[in-house]
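# Tertiary structure, described
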Number of protein chains: 2
Amino acid sequence: MLRTIFVLNRCVLMAERTAVRKGMSAEEMAKEQREISISEFFEKNKHLLGFDNPTKALLVVVKEATDNSLDACQDAEILPDIIVKIKSIGEDKFRVSVQDNGPGIVKEQIPRVFGKLLYGSKFHHLRQNRGQQGIGISACVLYSQLTTGSPMRIWSKTEGSKKGYHYEIFINTSKNEPEIVKEEEWVDGFDHGVRLEMDVTARYRKWVEDYLKQTSVSNPFAKIIYTAPDGTKTTYARSIDKLPRQAKEMRPHPYGLEWGSLYRISQATQSRGLAGFLVNEFSSVGATTAKEICKVARLDPNLNPKTLEREQIEKLLGAMQKVKVQRPPTECVVPIGTEDLEKSLKSEYPNSEFITVRSRNPEVYRGFPFAIEVGIVYGGDLPQNEAAQLQRFANRVPLLYQAGACATVEAVKETDWKRYGVQQSGSSLPVGPMILLIHMCGVWVPFVSESKEAIAPYPEIVKEMKLAIQDAGRELSRYLSGKRRKGEAKRRMLIFERYSTEVAEALANLTKGDKSDIEKKLKSMIAEKMTFDDTAGNEEAGGDGQSDGKTTPVKEKTKPATAKPADVEKK
Amino acid sequence: MLRTIFVLNRCVLMAERTAVRKGMSAEEMAKEQREISISEFFEKNKHLLGFDNPTKALLVVVKEATDNSLDACQDAEILPDIIVKIKSIGEDKFRVSVQDNGPGIVKEQIPRVFGKLLYGSKFHHLRQNRGQQGIGISACVLYSQLTTGSPMRIWSKTEGSKKGYHYEIFINTSKNEPEIVKEEEWVDGFDHGVRLEMDVTARYRKWVEDYLKQTSVSNPFAKIIYTAPDGTKTTYARSIDKLPRQAKEMRPHPYGLEWGSLYRISQATQSRGLAGFLVNEFSSVGATTAKEICKVARLDPNLNPKTLEREQIEKLLGAMQKVKVQRPPTECVVPIGTEDLEKSLKSEYPNSEFITVRSRNPEVYRGFPFAIEVGIVYGGDLPQNEAAQLQRFANRVPLLYQAGACATVEAVKETDWKRYGVQQSGSSLPVGPMILLIHMCGVWVPFVSESKEAIAPYPEIVKEMKLAIQDAGRELSRYLSGKRRKGEAKRRMLIFERYSTEVAEALANLTKGDKSDIEKKLKSMIAEKMTFDDTAGNEEAGGDGQSDGKTTPVKEKTKPATAKPADVEKK
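Residues numbered from 1 in each chain as written. Chains lettered and ligands numbered in written order. Predicted model: local features only at pLDDT ≥ 70, side-chain atom pairs only at ≥ 80, totals over all residues. Heavy atoms only, no water.

### Quick word on the sheet that holds strand E5 (residues 152-157) of chain A
Residue and element names in this part refer to chain A. Using the following cut-off: The criterion for strand pairing is that DSSP finds at least two bridges linking the strands in question. For the purposes of this entry, the term helix denotes a DSSP run of H or I that reaches at least four residues, the term strand denotes a run of E that reaches at least two, and both are numbered from the N terminus. Helix axes are fitted only over the stretch in contact, all axes being lines through C-alpha atoms; the angle between N-to-C directions runs from 0 to 180 degrees.
Spatial ordering of the open sheet is given by E7-E6-E5-E8-E3-E2-E9-E10, a layout of eight strands whose pairing is mixed. Edge strands, defined here as strands with exactly one partner in the open sheet, are strand E7 (177-186) and strand E10 (233-236). Between one strand axis and the next, the sheet turns by 15° as a mean value, whatever way the strands run. Where strand E6 (residues 164-172) lies against E7, nine bridges are found, and the strand directions are antiparallel. Within E7, the position partnered with His-166 by the bridge is Glu-184.

### Notes on the confidence of the model for chain A
Residue and element names in this part refer to chain A. Quick reminder of the rule: Each residue carries a pLDDT score, the predictor's confidence in it, ranging from 0 to 100. Should any heavy atoms of two residues lie within 4.5 Å, those residues are considered in contact.
Scored by pLDDT, chain A has a mean of 86; 90% of the residues are at 70 or more. Low confidence marks residues 1-21, where pLDDT is under 50. Its contacts with residues over four positions away, or in another chain, come to 61 contacts. Here the complex is predicted with pTM 0.80, and the ipTM for its interfaces comes to 0.78.

### Some words on the relation of the copies chain A and chain B
The test is simple: For this overlay, a least-squares fit was computed on C-alpha atoms, restricted to residues scoring pLDDT of at least 70 in both copies.
Least-squares fitting of chain A to chain B yields an RMSD of 0.2 Å, with the superposition described by an axial translation of 0.1 Å and a rotation of 180°. Taken together, the rotation angle and the small translation identify this as a two-fold axis. Scanning chain A for the C-alpha nearest the rotation axis identifies Ser-449 of chain A, at a separation of 3.2 Å. When the interface residues of chain A are mapped onto chain B, 99% of them are again interface residues, pointing to one common binding face.

### Structural notes on the sheet that holds strand E5 (residues 152-157) of chain B
Residues and elements named next belong to chain B. An order of E7-E6-E5-E8-E3-E2-E9-E10 is seen for the eight strands of this open sheet, with the pairing classed as mixed. The outermost strands of the open sheet, each flanked by one partner alone, are strand E7 (177-186) and strand E10 (233-236). Strand-to-strand twist in this sheet, taken as the mean axis angle between neighbours without regard to direction, amounts to 15°. Here helix H6 (residues 136-148) sits on the sheet in contact with strand E3 (93-99), E5, strand E6 (164-172) and strand E8 (193-201), set at roughly 35° to E8.

### With respect to the pattern of salt bridges
In plain terms, the rule: Any Lys or Arg side-chain nitrogen located within 4 Å of an Asp or Glu carboxyl oxygen qualifies as a salt bridge. Partly exposed residues are those whose accessible area sits between 20% and 50% of the maximum for their type, while under 20% is buried and over 50% is exposed, using a 1.4 Å probe and protein chains only.
Counting across every chain of the model gives 68 salt bridges over all chains. Ionic pairing is found between Lys-515 of chain A and Glu-505 of chain A, a salt bridge with its closest N-O pair at 3.8 Å. Residue Lys-515 of chain A is found in helix H16 (residues 515-535), and its partner Glu-505 of chain A is found in helix H15 (residues 500-511); the two are separated by 10 residues along the sequence. The class for Lys-515 of chain A is partly exposed, based on a relative accessible area of 30%. What makes Glu-505 of chain A partly exposed here is its relative accessible area of 43%. Residue Lys-163 of chain B pairs with Glu-185 of chain B through a salt bridge whose shortest N-O separation is 3.2 Å. Taken together, the residues span a long stretch of sequence, with Lys-163 of chain B in the loop between E5 and E6 and Glu-185 of chain B in strand E7 at a distance of 22 residues. Given the relative accessible area of 47%, Glu-185 of chain B is considered partly exposed.

### Concerning the nonpolar core
What counts is decided by this rule: We define a nonpolar core as any set of buried Ala, Val, Leu, Ile, Met, Phe, Trp, Tyr and Cys residues linked to one another through side-chain atoms lying within 4.5 Å.
Of all hydrophobic cores here, the largest spans 118 residues; its most connected members are Phe-114 of chain A together with Phe-114 of chain B. If you look at the next biggest cluster of nonpolar residues, it comprises 43 residues, including Val-374, Cys-406, Met-440 and Val-445 of chain B.

### Description of the packing of aromatic side chains
Convention followed: Whether two aromatic rings pair depends on their centres lying within 6.5 Å, for rings of Phe, Tyr and Trp, where Trp uses its six-membered ring; planes under 30 degrees apart make the pair stacked, over 60 edge-to-face, and the rest tilted. Here, a charge over a ring means that NZ of Lys or CZ of Arg falls within 6 Å of the ring centre while also lying within 35 degrees of the ring normal.
Enumeration over the complete set of coordinates arrives at 24 aromatic pairs over all chains. Between the aromatic rings of Phe-51 of chain A and Tyr-143 of chain A, the centroid separation amounts to 4.4 Å while the plane-to-plane angle is 5°, which identifies the pairing as stacked. Of this pair, Phe-51 of chain A sits in the loop between helix H3 (38-44) and helix H4 (54-75) while Tyr-143 of chain A sits in helix H6 (residues 136-148); the two residues are 92 residues apart in sequence, bridging distant segments of the chain. You can call Tyr-143 of chain A buried: its relative accessible area is 7%. Note on Tyr-365 of chain B and Phe-370 of chain B: the rings are 5.8 Å apart at their centroids and 75° apart in plane angle, and the pair reads as edge-to-face. When its relative accessible area of 1% is taken as the criterion, Phe-370 of chain B is described as buried. By way of ring pairs, the aromatic residues Tyr-365, Phe-368, Phe-370 and Tyr-458 of chain A are connected into one cluster. Positioned over the ring face of Phe-123 of chain B is Lys-44 of chain A, at 4.8 Å from the centre of the ring. Lying over the aromatic face of Trp-155 of chain A, Arg-195 of chain A brings its terminal NZ or CZ to 5.1 Å of the ring centre.

See the structure below:
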């Protein structure tokens, strides 16, 4: 069976032997032209999928399987229980298994979901999801067979059925089709869900734990049980028991549409008239807007959209860009939310002394709605003199590589952290005992490559990130200056207190009063002053009103002091 | 015809309308799973192909067509004559045409070469080429139909035939197959070659000229005639009349091989015994090395490679990494060469005052041989107080985007330019009237994305780039310090000369000699001194002997002065 998988045309290998070519003719060139399968392409360009080195490879494999499990559970409205296990099976070789309690995958789909690149359910929908390409998990199969020659093992059982199915699958790279090695029924084991197992050449680093911990922060409704290669078991518990609301699917928005897309939609529509077509097929277009578009395009609102000529589509497209259309519906965007994000950060970083989170209202770029969330965790056992730890997320998935190319890093570096009382040299990352979390969610996240490691720095996205950071930064600044002032006042009072006996004695001599009475009064004044300082300036200085925010000083009971005037900055 | 191109399953569009999904079952999910064609994938992710914005789009279209023309001409050993024309045909719409005198494309191949992504002649060979993926030109067809709804027009005539063929082609994105709109014979026009014409939504910037100028520098054997949208015609002439030698194709090198590749080769080989298999199918493996590999793997050298089991392949692979194998043959790498590069830079920058070029001996990363070349152009009309202009090339193709992610930029920034008498603040680009050219050529250039805009910063590659830069930098330093010293000496002498009459008078009084005679002697001494300074220290201080170098002070006749001791640095 294995033999049939790696097929290579013999003539190609022959060609590889002809060393020097001299003046080839068009006919000779034609003999060499042939189709490249998408699997062959990514096998050779595996770095585009994140498999550039053995350390990263292990992480990618865990990540793709876990992301799929979380998507499936969320779609099926099941609180996810995910079991991740990494076992060493030889020098630089690991067995990775990931099991979920999701809805399972129906028998017929299993081979294609795992054994075919560019196959999936999410690509053709405008809906917020972790996956969007139909490449991730089959890329893992590709990597596993390329490096260890072993197939992906899958156990799947759908909800309500007694028996499940077990498969062992390779990818036939020259055809980009699944090659089934084993196919059988199984009964025992878990109730419903999917369990994957694959062997890969890799190197183990603690980054897997980082990824799982961050995943747990951005998915507080998920429980993840992880067993490391040394047998250590870690449980990332649920910090909330409720799934986020389902993300709505959106129709395309007129802004930023292209000729080809408009043509495609016009051919597939069931609407008979142009005006109705606009209302039915596009997001945020009502009857009035539709009429206005037809008018600007100088097209009859009753025209059958299927009969549109090339030039008519062009006119329609032009009008759709010119006429004022409302923003896309923002229910398509499901942020983590300030409440859940704060709970989650508190449960993951219980020793921190201050946490603040911000969730901006959704914005739009190229017709796609998106929202930015920011969290700052400060103090406690976080390292004092190192650069802040930046945690980046896209649709709840932690991004661990290519930070240099990411919109988040651009936004953090462009922020003037000194304004918020945080060290920063030049335009580098701020320095201090701090975790900075940035999350972008939306129906279409623009990644800089297929490996989805960094968010492309579109100006609209960077701007929103900066606004969210500034807003959270002001809150941090209030906390830090309050802390500083309180510290100073306390120090002054403590000095005063130290000499209170002497002061009382002097005052008693001067006023002929009772020394112990005076000393008592002095001490109560000091105590009062210190209490007053604790609550001084307990007022909220607002941002631009575009974001929702939550703040908790975790360990101390004091409220943050007022912001300094210097903190009010231009946006 | 057009109607059939954009096919969309009606049920998908219906699904897009179902707004909120609640608790989907595995069966419901299965209904949404389907294949994604590579064309659909790249249509949606067109930024991965370089089509992120209209300005870049125009450049990509010109670049892909020109690169293909250059590859075809070089393979056919024809000195390339390329005609590029950009015409404005409406608001943000341009007609781009590129014509070459290459060998043409045979009739049967035309539709697939242009109407199918991942189709080409270069992917399955390890040979230095501009193209390597089989995506570039069909991506342009995709972009043209997506933005303007118009097909790619192709005229092709092969060498020796009287008639050519004309095609108009779309890509059926849901099938990734060509859709032929027009197909006819034509007789008049050019002798042989290909002419392409396509309409795209784009924006025009001078970057197109930058790309063509740089292409002309790295391809000094090519003639490019370019007509800009405003009708301005520019000819980039040939600076040499000889094509570079053909790049040899190489067999895979044992180092860095993977299980899947080894298995594939073992199944396709015609060798009957393991030892012979190793000698025949791999680069740099002789009979002794082959026997050694078999010994280390504990496998019989007479074993039939086709019968190898999974574990045996694993052992063989392990042994191939352990046994010492010679480097891959470096004839696979064809650099521009110091002579041609220098000629080319001189002809493109005739007003510069100094040019130096370096071509390093080939090195190897992951079994792939590669070579680095560097050129520095200094002075003349280049801007004084701006960052040096960095020109990046991969296999003679200029790279104009994603500089931040590129190995070249990393190498330039990590170089200490102050050592060479060039301004640099921190680790940014050096400042001065300077062009810095860096070229990487090799059988497989690792790009950071499909759009091939930046070279992935593998440590081996960055190191070679730095060594080449340092070598050229030392030469520049010699030139600059010579220039500086000469200037100072001249200044001193001129002052001396100014007072020579007074000095002569004083000397005449003291020695009772003849004043005019003394003055004559003094003046001749000054003249001699100034000549001496012009040629002082005319010796070559070597680098690590690993690179070939050429230097020309372009406008001045003087030779560079000696290197300062501080210039000799560790590598």
